[in-house]
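Observations on the three-dimensional arrangement
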Amino acid sequence: MFFKISEKKKKILEILLTVLALIAISVISILILSGFDIISFDNGFVFNEKLFNSFKNSWYGCLMFVVFQTILTVLLCIVPGISMAFIILCTKLYENTWVAFLVSFSSVMISSVLMYITGRFGGRKVCEKILGKEDCDKSLELLTSKSTIFFPLMMIFPVFPDDALVMMAGTIKMKMKWFMPSIILGRGIGILTIVFGFSLIPFEEFDSLYDWIVFITVCIVWIFIIFHFANKLSKRLEIKSSDTKES
């Protein structure tokens, strides 16, 4: 006999599974760091900062972080802003901004392709089990109502559920020749903005509310301009497409 789980219980179960996943990941992380002698136990945990710095800057350290971030992004895709959290963490770990960008970019690209494949071959039912019906419906509505021309733009801005959109792009069988450039361009620009934005924008000089208001206003104006021109381009393409069909 099958019992129907209510939405409230489902949300609680998702939170519990997320917590258990984080605990498991923390344990695995401690075991890996202990294996490299970065963490040792001597009347408490002792952190070898010098060894950790040499480890993270090595090629295998970067590779391990890419694998680590990719797995966590896919497993915790239901958590809002998980990709951004890892990108910010990467900027704190690596002093070289280009290394931080390449590590984050590689992780995001691999996880995006994996989620696209999950949506394409798993279908709507699998996506609903992972993301929830509500998130799937919202993402599908965004993809169908705003047309594919907005897809790369939605990858740039963190206000959109990028992981859910990527997975639902797989379910609607978005062509790879449009999906990959959109991901590379959209998410690439997003990562560049986060990684280099902290060093280029003088946040430390924002000493009043006025500075923040000006900064936010400029960002909103530019977002409005970008979407305005994207909307015009979308309408032109729709008219061109309808004219082609009629002829």
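Please refer to the structure placed before this passage.
The structure presented is a predicted model; accordingly, all values stated were derived computationally and were not measured. (Residues numbered from 1 in each chain as written. Predicted model: local features only at pLDDT ≥ 70, side-chain atom pairs only at ≥ 80, totals over all residues. Heavy atoms only, no water.)

1. A short note on the side chain of S111
Rule in force here: Put simply, DSSP H or I for four residues or longer makes a helix, DSSP E for two residues or longer makes a strand, and each gets a number counted from the N terminus. Throughout this description, a polar contact denotes any pair of N or O atoms lying within 3.5 Å of each other; where both atoms belong to protein, one of them has to be capable of donating a hydrogen while the other can accept it, and for residues adjacent in sequence the pair is counted only when both atoms sit in side chains. Only heavy atoms enter the contact rule, under which two residues are in contact if any of them lie within 4.5 Å.
By the element assignment, S111 lies in helix α5 (residues 97-131). For S111, the side chain forms a polar contact with the main-chain oxygen of V108, separated by 3.0 Å. Those residues in contact with S111 that lie beyond four places of it in its chain are T70, T73 and V74.

2. So, the nonpolar core
Which entries qualify depends on this criterion: For our purposes a nonpolar core is just a set of buried Ala, Val, Leu, Ile, Met, Phe, Trp, Tyr and Cys residues, chained together by side-chain atoms within 4.5 Å. The cut-offs for exposure are 20% and 50% of the maximum accessible area for each residue type, with area from a 1.4 Å probe on protein chains only; residues under the lower value are buried, those over the upper are exposed, and the others partly exposed.
Membership of the largest hydrophobic core comes to 40 residues, with the highest contact counts inside it found for Y94, L143, F151 and F179. Broken down by secondary-structure element, the contributors of at least two residues to this core are α3 (59-75), α4 (82-93), α5, α6 (133-145), α7 (151-156), α8 (162-171) and α9 (176-200). Looking at this core element by element, the count peaks at nine residues for α5. Formed by five residues, the second largest nonpolar core is a distinct cluster that contains L72, L76, I82 and F86.

3. Section: α8
The element α8 is largely enclosed, with a buried count of ten among its ten residues. Listing the buried residues of α8 in full gives D162, D163, A164, L165, V166, M167, M168, A169, G170 and T171. Remark: K173 follows α8 within two positions and exhibits a positive phi of approximately 55 degrees.

4. A short note on the packing of aromatic side chains
Just so we agree on the cut-off: Geometry of aromatic contacts follows a simple scheme: Phe, Tyr and Trp rings, the Trp one being its six-membered ring, pair when their centres are within 6.5 Å, and the pair is stacked under 30 degrees between planes, edge-to-face over 60, tilted otherwise.
In this structure the tally under the stated criterion is six aromatic pairs. Centre to centre, the rings of F65 and Y94 are 6.2 Å apart; their planes meet at 85 degrees, and the pair counts as edge-to-face. Linking F65 in helix α3 with Y94 in the loop between α4 and α5, this pair joins segments that are 29 residues apart in sequence. Their ring planes at 25 degrees and their centres at 5.5 Å tell us that F101 and F105 sit as a pair that is stacked. Highlighted residues: F101 and F105, both in helix α5, separated by four residues, approximately one helical turn.

5. As for the packing of α3 against α5
Where we set the bar: Axis geometry follows a simple rule: fit a line to the C-alpha atoms, using only the stretch in contact for helices, then measure angles between N-to-C directions, giving values from 0 to 180 degrees. Under this scheme an angle from 65 to 115 degrees is roughly perpendicular, one under 35 degrees roughly parallel, and one over 145 degrees roughly antiparallel; angles in between are oblique. A crossing counts as left-handed when the near helix is turned anticlockwise from the far one by less than a right angle, and as right-handed when that turn is clockwise. Residue type decides the class: Asp, Glu, Lys and Arg count as charged, Ala, Val, Leu, Ile, Met, Phe, Trp, Tyr, Cys and Pro as nonpolar, and the leftover types, Gly among them, as polar.
Relative orientation of the contacting elements α3 and α5 amounts to 40 degrees, with a least axis distance of 9 Å. Between α3 and α5, the crossing angle belongs to the class labelled oblique. Considering how the two elements wind past one another, α3 and α5 form a crossing that is right-handed. In this structure, α3 contributes C62, F65, V66, Q69, T70, T73 and V74 to the contact, and α5 contributes V99, V103, S104, S106, S107, V108, I110, S111, L114 and M115. Among the residues forming the contact of α3 with α5, the class breakdown is ten nonpolar, seven polar and no charged.

6. Some remarks on the packing of α3 against α4
Packing of α3 against α4 leaves a shortest axis separation of 10 Å and a crossing angle of 160 degrees. On the basis of the axis angle, α3 is roughly antiparallel to α4. Pair α3 / α4 crosses with right-handed handedness. Residues F65, Q69, L72 and T73 of α3 pack against I82, S83, F86, I87, L89, C90 and L93 of α4. Of the residues contributing to the contact of α3 with α4, the split by class is eight nonpolar, three polar and no charged.

7. Section: the state of the cysteines
Inclusion rule: A pair of sulfur atoms, both from cysteines and within 2.5 Å, is called a disulfide here.
Under the criterion given, the structure shown has zero disulfides. Here C90 stays free of any disulfide, with the sulfur of C62 as its closest cysteine sulfur at 8.1 Å. C136 provides the cysteine sulfur closest to C127, a residue in no disulfide bond, and the two sulfurs are 5.3 Å apart. You can call C127 buried: its relative accessible area is 0%.

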